[in-house]
Amino acid sequence: MADSPRYSFWAKAVPLLCKADALFRKTANFLTPVADFLARYWVASAFFSSGLSKTTTGSFMLFGHAFNYPLSLLPTESTFTLFQYEYQVPLLPSTLAAYMGTAVELLLPVFLFLGLGGRYVALAMFVFNIVAVISYPDLMAAGLAEHQVWGLLLLITMCHGPGKLSLDHLISRFIRR
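Below: a short report on this structure. (Residues numbered from 1 in each chain as written. Predicted model: local features only at pLDDT ≥ 70, side-chain atom pairs only at ≥ 80, totals over all residues. Heavy atoms only, no water.)

**Topic: the packing of aromatic side chains**
Which entries qualify depends on this criterion: Centres within 6.5 Å make a pair out of two Phe, Tyr or Trp rings, where for Trp the six-membered ring is used; the pair is then stacked when the planes are under 30 degrees apart, edge-to-face when over 60, and tilted otherwise. Numbering goes from the N terminus for both helices and strands, where a helix is a DSSP run of H or I of at least four residues and a strand is a run of E of at least two. The buried label goes to any residue with under 20% of its type's maximum accessible area, the exposed label to any with over 50%, and the partly exposed label to all in between, with areas taken from a 1.4 Å probe on protein chains only.
Enumeration over the complete set of coordinates arrives at 10 aromatic pairs. Ring geometry for Tyr87 and Tyr136: centres 5.4 Å apart, planes at 85°, overall edge-to-face. Pair noted here: Tyr87 is in the loop between helix H2 (77–85) and helix H3 (94–114) and Tyr136 is in the loop between helix H4 (118–135) and helix H5 (141–160), with a separation of 49 residues, a long-range link. You can call Tyr87 partly exposed: its relative accessible area is 21%. By relative accessible area, which is 26% here, Tyr136 ends up partly exposed. By way of ring pairs, the aromatic residues Phe37, Tyr41 and Phe113 are connected into one cluster.

**Thoughts on the side chain of Thr79**
So the rule is basically this: It only takes one pair of heavy atoms within 4.5 Å for two residues to be counted as in contact.
Looking at the element boundaries, Thr79 is found in helix H2. Sequence-distant contacts of Thr79, that is, excluding residues within four places in its chain, are made with Lys54, Ala98 and Thr102.

**Some details on the pairing of strand E2 (residues 65–75)**
So the rule is basically this: A pair of strands counts as paired when DSSP detects no fewer than two bridges linking them.
As judged from the seven bridges shared by strand E1 (residues 55–62) and E2, these two strands associate in the antiparallel manner. Residue pairing in the sheet places Thr55 in a bridge with Pro75 of E2. Adjacent in sequence and paired antiparallel, E1 and E2 are bridged by two residues, among which Phe63 carries a positive phi angle near 55°.

So, to be careful, I would describe these as geometric facts and stop short of saying anything about function.
And the structure:
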């Protein structure tokens, strides 16, 4: 009698590849909420830090790290000067642009970080990011690259949503019950 037929390489490899693909998909599904949160955190921290630089701030130490917080939501005199002479915000007077820019940089990142109104906040910050790039003609290549990364992360959040680690997800689960 002839030997039993041998399995081809692909007949052996395909089931292993299917198992590897299933494991990869499970891992990606597990990590997706973490990636969504980290993207929101990255952009929120950059914009919030910028907003803090435009106001009077306080700070406290925790585990050897200084945490800054705004003592006031109002811009400082140096912020008004920057908006008057450095930033060229289209269609807005410099004083109004200083107030609006400071408010956007301090308030919207908090909502983005929490994932509350995630898509709408991401849209507003995406537009704000574009205005910031247009308004500062002396932006260097490194600064432009950072704004491009923030814009991409905001665009992903806007299209994909804030993810499972967000108040939006928690609220939608509560409403569906």
